Each structure stands twice: as C-alpha cells, then as structure tokens.
Amino acid sequence: MNNHIHQYLDYIQKIGDRKDLYKVVADKFNITRALYPGSHIDISPSLVIPDVTYIDNYKGAIQFFDNLEPIVDYVNQKKDYDGTCHISFYGKSYDDDLELAKVDLIISQYAGFVGQSTKRYLKEEGILLCNDSHGDATLAFLDDDFEFIGVVDANNTIISDDLDKYFQFARRRDIDIEKVKQTMKGPKYKHQAPNYLFKYKNTH
Ligand SMILES: C[S@@+](CC[C@H](N)C(=O)[O-])C[C@H]1O[C@@H](n2cnc3c(N)ncnc32)[C@H](O)[C@@H]1O
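Because the structure is a prediction, the values reported are computed rather than measured.

A.B. asks: Go over the site of the ligand, please, and point to the residues and values.
C.D. replies: In the neighbourhood of the ligand, 17 residues make up the surrounding shell, with Y11, R18, G38, D56 and Q109 lying closest. In this structure, a nitrogen atom belonging to the ligand sits 2.8 Å away from a main-chain N or O atom of Q109. Contact with the protein chains covers 77% of the free accessible surface of the ligand, which is 600 Å². Among the residues making up the shell around the ligand, the classes are represented as seven nonpolar, six polar and four charged.

Here is the structure:
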C-alpha cells in the first residue's frame, strides 16, 4: 500500500474514523461539494462527498497532498457514491482570500475559528458542521449569519429537537465571547454534543 494511504490510515486510527459522521451529514443535506479548512490529512470526507477542497498550512499536510494520485486512487476504490471524486488542496491559511466556488458544507474539526473565517465560501442555506473544541460552535451559535439547526450525537445520529438546552450553563449566565476568542476553548455547558450543525443565512 502507498505511503500516503498508510499515513492516512494511521491517522484515523489515532483520531477516530469520522466517515460515518460525514456520511450522515452529507446524506441528510444532499451535500455534493464541501470545504475542509484545517483538515490536516483527514481525507475521510472524500469517501462520502464527491467534491472536497482541503486547506491546511502545516508542512506535513502540504507534503501529504503534494501527490494527489494515490489519494484519488484510494478514494475511487473506497467511495460510497457514483462517479469520480474531485479533490483539491490549498497549502495556505484558511484566512487567506482564496478563489473558491461556494460549497454546500464546511467541516470544522479542532482547527480554530474555521466557521467564522470561511463562512463566506458557504452557499446560502449551506451547512457548517463543527465541534466546540476551540469554541467554533459557540461563535456560530452567537453569530446572526448562522441558525443552530441540530447536533450530531456520539452514535452519529442527527438530533434536531430540544435544541434549547445546548449552549446553556448549569447556573444561568451569558457566554463570554471575548474569553472564548482569547482562550480558543469552548465553554463547559450543561449539555454538550460531539458536533453541532448550523445553517448559513447571510445577513449582509
Ligand atoms: C488539531 S489539527 C486537526 C486536524 C483535523 N481537522 C482533524 O480533526 O483531524 C488542526 C489543523 O488545523 C490546521 N490549521 C490551523 N490553523 C490553520 C489556518 N489558519 N489555516 C490552515 N490550516 C490551519 C493545522 O495546520 C492542523 O493541521
């Protein structure tokens, strides 16, 4: 097996395979084009979404994506959809201005304030899938451009009711957005989910 693929398989063994998470979201929202800023080498989205653009400015990720051929070959063997896959990579900061076509989904996993930096690439009504490890879900929750529409639980089930209980502290108080920005850490809420879903509704 190719080195790149070994590297990817080792990586998902470490972080956990998120293919089922990406699939449940892709199926629910008919996602065909996604953007994954701060992806490192997590190419699992390409197994369930035909067109994925990855962005990461880390040297190791740039080296990994330097040769797309073995990655595309692997994805074509393992993918869940008909037709060929399209994979693009930018070895840049996701804060940079990139000439990107608008996408149906942005994936934000442990890579800073991805939703805030890249929401301009979302189609109207596009979806942000994020966790709150660095506070990205909290910032989306407080952002008028995003509507909180669901969570994905640990079994990769999308839950869209009883959402009022999220982003609330055990003892009622406001969210300190400045602290979230400074610490880059999601606050400890009474009810937390592994992943959150937001719908983009550009208010500008
Ligand atoms: C902790 S890793 C998470 C990787 C992957 N999302 C995952 O969950 O397995 C964070 C990644 O985000 C990338 N990253 C952080 N800030 C970035 C930025 N401004 N532009 C591009 N990549 C960034 C880092 O280089 C790193 O590869």
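A.B. asks: Give me the lowdown on unusual backbone geometry, citing residues and values where you can.
C.D. replies: In the Ramachandran plot, H40 falls in the positive-phi region, its phi being about 50 degrees despite a non-glycine side chain. In this fold, H40 is placed in the loop between β1 (33–37) and β2 (51–55). A positive phi is found at F167, a non-glycine position, where the angle reads about 60 degrees. Mapped onto the fold, F167 is located in the loop between β7 (158–159) and α7 (177–183).

A.B. asks: Describe in detail the pairing of strand β5 (residues 122–130), supporting the description with residues and values.
C.D. replies: Relative to β5, strand β4 (residues 103–108) is paired through five bridges, and the arrangement is parallel. Bridge assignment links I106 to a residue of β5, and that residue is L128.

A.B. asks: Requested: an account of the packing of helix α1 (residues 3–15) against helix α4 (residues 69–78), with residues and values cited.
C.D. replies: Contact geometry of α1 with α4 gives a least axis separation of 8 Å together with a crossing angle of 65 degrees. The two elements α1 and α4 meet at a crossing, and its hand is right-handed. Of the residues in α4, those in contact with H4, I5, Y8 and L9 of α1 are P70, I71 and Y74. Tallied by class, residues from the contact of α1 with α4 come to six nonpolar, one polar and no charged.

A.B. asks: I'd like to hear about the packing of aromatic side chains, residue by residue, with values.
C.D. replies: The full count for this structure, using the stated rule, is 19 aromatic pairs. Taken together, a centroid distance of 6.0 Å and an interplanar angle of 85 degrees make the contact between F141 and F148 edge-to-face. Taking 4.9 Å as the distance between ring centres and 40 degrees as the angle between the ring planes, the aromatic pair formed by F167 and Y196 counts as tilted. With F167 in the loop between β7 and α7 and Y196 in strand β8 (residues 195–200), this pair connects stretches of sequence that are 29 residues apart. Through a chain of ring-to-ring contacts, three or more aromatic side chains come together here, namely F141, F146, F148, Y166, F167, F169, Y189, Y196, F198 and Y200.

A.B. asks: Which residues make up the pattern of salt bridges, and what values go with them?
C.D. replies: The final tally for this structure, using the stated rule, is 10 salt bridges. A salt bridge links K23 to D27, with the shortest nitrogen-to-oxygen separation between them at 3.1 Å. Taken as a pair, K23 and D27 lie in helix α2 (residues 19–28) at a separation of four residues, close to a single helical turn. Judged by relative accessible area, K23 falls into the partly exposed class, the value being 28%. Judged by its relative accessible area of 46%, D27 is partly exposed. As a salt-bridge pair, D145 and K119 come within 3.0 Å of each other at their nearest N and O atoms. Placement of D145 in the loop between α6 (136–141) and β6 (146–152) and of K119 in the loop between α5 (114–118) and β5 is noted, with a sequence separation of 26 residues between them. The same class applies to D145 and to K119, which are both buried.

Criteria and cut-off values
Residues numbered from 1 in each chain as written. Predicted model: local features only at pLDDT ≥ 70, side-chain atom pairs only at ≥ 80, totals over all residues. Heavy atoms only, no water. Near = heavy atom within 4 Å. Polar contact = N/O pair within 3.5 Å; in protein donor to acceptor, adjacent residues only side chain to side chain. Areas by Shrake-Rupley, 256 points an atom, 1.4 Å probe, with all protein chains shown as cover. Nonpolar A, V, L, I, M, F, W, Y, C, P; charged D, E, K, R; others polar. Helix = DSSP H or I, 4+ residues; strand = E, 2+ residues; numbered from the N terminus. Pairing = 2+ DSSP bridges. Axes fitted to C-alpha atoms, helices over the stretch in contact; angles between N-to-C directions. Left-handed = near helix turned anticlockwise from the far one by under 90°. Contact = heavy atoms within 4.5 Å. Phe/Tyr/Trp six-rings, centres within 6.5 Å; stacked < 30°, edge-to-face > 60°. Salt bridge = Lys/Arg side-chain N within 4 Å of Asp/Glu carboxyl O. Buried < 20%, exposed > 50% of the residue type's maximum accessible area, 1.4 Å probe, protein only.

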